[in-house]
Amino acid sequence: MNTDNRYLWNHKDLLDVSQLSKEDVHHLLNLAQSFQEINNRPVKKVPTLKGKTIILFFVENSTRTKTSFDVAGKRLSADTFSLGKSGSSINKGESLKDTALTLQAMNPDIIVIRHSSSGAAQYLADLLPCSIVNGGDGWHAHPTQALLDSYALRQVWGTDFSGKTLLILGDIEHSRVARSNIYLLHLLGARVRLCAPRTLLPRHVTQWGCEVFSDLDEAVRGVDAVMCLRLQLERQEAGLLPMLTEYSRRYCLTPERLAKAAPDACVLHPGPMNRGWEISDEIADDPRCLVLNQVSAGVAVRMAILYLLGTRND
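Remember, predicted model here, so these are calculated numbers, not experimental data.

### A short note on the state of the cysteines
Tallied over the full model, the rule gives zero disulfides. Just so you know, Cys252 is unpaired, no disulfide at all, and the nearest cysteine sulfur is the one on Cys228, 7.6 Å from it. By relative accessible area, Cys252 is classed as buried at 4%. Cys289 takes part in no disulfide bond, and the closest cysteine sulfur, belonging to Cys228, lies 7.8 Å away. Residue classification places Cys289 among the buried positions, given a relative accessible area of 9%.

Encoded structure:
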């Protein structure tokens, strides 16, 4: 494991990828690569954050993000404690401010928060002296997902993303994953295409610096990677989607459609996958699908983030 202490990490919190420079991102991902070696050992633990306390405050449900942060903290020997909405006083009407101040009174080093309200992570960062990590806030941002996606792509593309094109497919309007990935991919030099029904595209999407398509067969042509987004049933209930069968017919990634991409194109998905709606069984089980690579990358990347924040004052 190589942790280069000469790099000056100037961030108290990780709230969005937009706060990071290109150099910050490469340092973080290089560090994650070093931590990946730990995850392949028979004994997957180092004493790097021994004595540090990490609180996982997940007001919104999560499987992958919460578990990987928990695993990441424990592999760095930190003490991790999980708190959800059902197990907190928020469920009894307590404000986010009072809950946060209660947690701070326990003197944690890092709080990882996932919340349905955009800006919740920034609110805690402004309120508390400990480090805050945004585990996803509303439609706003999901920085650790974007970082792990880029880490998974680096394993296929190498460190130079210039000349590469990635298509993000699905519900762009309501996706914090899409927003963070678009910024980070542009920062690393990749081109980004978007494809969705018009009702699932943001009003100002033309200002995002992406090519925008409504026809998947056209959008996928020649791309180096496709990122499928999870289709949420409540969008149909809100009248933003046609029948699911019609959505699947027009926007499900199938082998026939992926064949129009570059020959070595890979597929990503933040999970959980709705097989048959946004991604076919054949593609989900194809070796070019990096979903499990993304899960593995998530532990390494989150180890790197916790290390950088947990040792910044040491």
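Anyway, onward from the coordinates.
### Describing unusual backbone geometry
In this structure, Pro272 follows Gly271 across a cis peptide bond, with omega equal to -10 degrees. Looking at where Pro272 falls in the secondary structure, it is placed in the loop between β9 (266–268) and α11 (281–284). Residue Ser77 is not a glycine yet carries a positive backbone phi of 70 degrees. For Asn107, which is not glycine, the phi dihedral falls at a positive 60 degrees. Its location among the elements puts Asn107 in the loop between α3 (96–104) and β3 (110–115). Overall, the relative accessible area of 57% leaves Asn107 in the exposed class.

### Things to note about the pairing of β3
Burial within β3 is extensive, with six of its six residues counted as buried. In β3, alternate side chains face the same way, and those of Ile110, Val112 and Arg114 on one face and Ile111, Ile113 and His115 on the other are all buried. Across five bridges, the pairing between strand β1 (residues 53–58) and β3 is parallel. By the bridge assignment for β3, Phe58 is matched with Arg114. Taken together, the five bridges between β3 and strand β4 (residues 131–137) define a ladder with parallel strand orientation. Bridge pairing in β4 places Val112 opposite Val133. Handedness of the crossover joining β3 and β4 through helix α4 (residues 120–127): right-handed.

### Regarding the nonpolar core
Within the largest apolar cluster, 88 residues are counted, with the highest numbers of intra-cluster contacts made by Leu28, Leu147, Leu153, Leu166, Ile168, Val226 and Val301. In terms of residue count, helix α12 (residues 291–310) provides more of this core than any other element does, 12 residues in total. Grouped together as the second largest cluster of nonpolar side chains are 17 residues, Leu15, Ile55, Ile113 and Cys130 included.

### A closer look at the pairing of β1
The buried fraction of β1 is high, at six of six residues. The two faces of β1 match: Thr53, Ile55 and Phe57 on one face and Ile54, Leu56 and Phe58 on the other face are all buried.

### Examining the sheet that holds strand β8 (residues 225–228)
Taken in spatial order, the five strands line up as β7-β6-β5-β8-β9 in an open sheet, and their pairing is parallel. Unpaired on one side and paired on the other, β7 (211–213) and β9 mark the two borders of the sheet. Averaged over all adjacent pairs, the angle separating strand axes in this sheet is 20 degrees, with direction ignored. Where strand β5 (residues 165–169) lies against strand β6 (residues 191–195), five bridges are found, and the strand directions are parallel. For Thr165, the partnering residue across the bridge sits in β6 and is Arg191.

### Here we look at the packing of helix α5 (residues 143–157) against α12
Here α5 crosses α12 at 120 degrees, and the two axes come no closer than 8 Å. As the angle between them shows, α5 and α12 are arranged oblique. Handedness of the crossing formed by α5 with α12: right-handed. Of the residues in α12, those in contact with Thr144, Gln145, Leu147, Leu148, Asp149, Tyr151, Ala152 and Gln155 of α5 are Asn293, Gln294, Ala297, Gly298, Val301, Arg302 and Ile305. Each residue belonging to the contact of α5 with α12 can be placed in one class, and the counts come to seven nonpolar, six polar and two charged.

### What to know about helix α2 (residues 64–75)
Taking 1.5 Å per residue as the helical rise, α2 with its 12 residues ought to reach 16 Å, and the 16 Å between its terminal C-alpha atoms agrees with that figure. Ser77 occupies a position one or two residues after α2 and carries a positive phi of about 70 degrees.

### Things to note about the packing of α2 against α12
With their axes 8 Å apart at the nearest point, α2 and α12 run at an angle of 60 degrees to one another. With respect to each other, α2 and α12 are oriented oblique. In the crossing of α2 with α12, the sense of the turn from one axis to the other is right-handed. Judged by residue contacts, Arg64, Thr65, Ser68, Phe69, Val71, Ala72, Gly73 and Arg75 of α2 engage Gly298, Val299, Arg302, Met303 and Leu306 from α12.

What counts, and where the lines are drawn
- Residues numbered from 1 in each chain as written.
- Predicted model: local features only at pLDDT ≥ 70, side-chain atom pairs only at ≥ 80, totals over all residues.
- Heavy atoms only, no water.
- Disulfide = S-S within 2.5 Å.
- Buried < 20%, exposed > 50% of the residue type's maximum accessible area, 1.4 Å probe, protein only.
- Helix = DSSP H or I, 4+ residues; strand = E, 2+ residues; numbered from the N terminus.
- Pairing = 2+ DSSP bridges.
- Right-handed = clockwise from strand over helix to strand, strands pointing away.
- Core = buried A, V, L, I, M, F, W, Y, C linked by side-chain atoms within 4.5 Å.
- Axes fitted to C-alpha atoms, helices over the stretch in contact; angles between N-to-C directions.
- Parallel < 35°, antiparallel > 145°, perpendicular 65-115°, else oblique.
- Left-handed = near helix turned anticlockwise from the far one by under 90°.
- Contact = heavy atoms within 4.5 Å.
- Nonpolar A, V, L, I, M, F, W, Y, C, P; charged D, E, K, R; others polar.
- Expected span 1.5 Å × (residues − 1).

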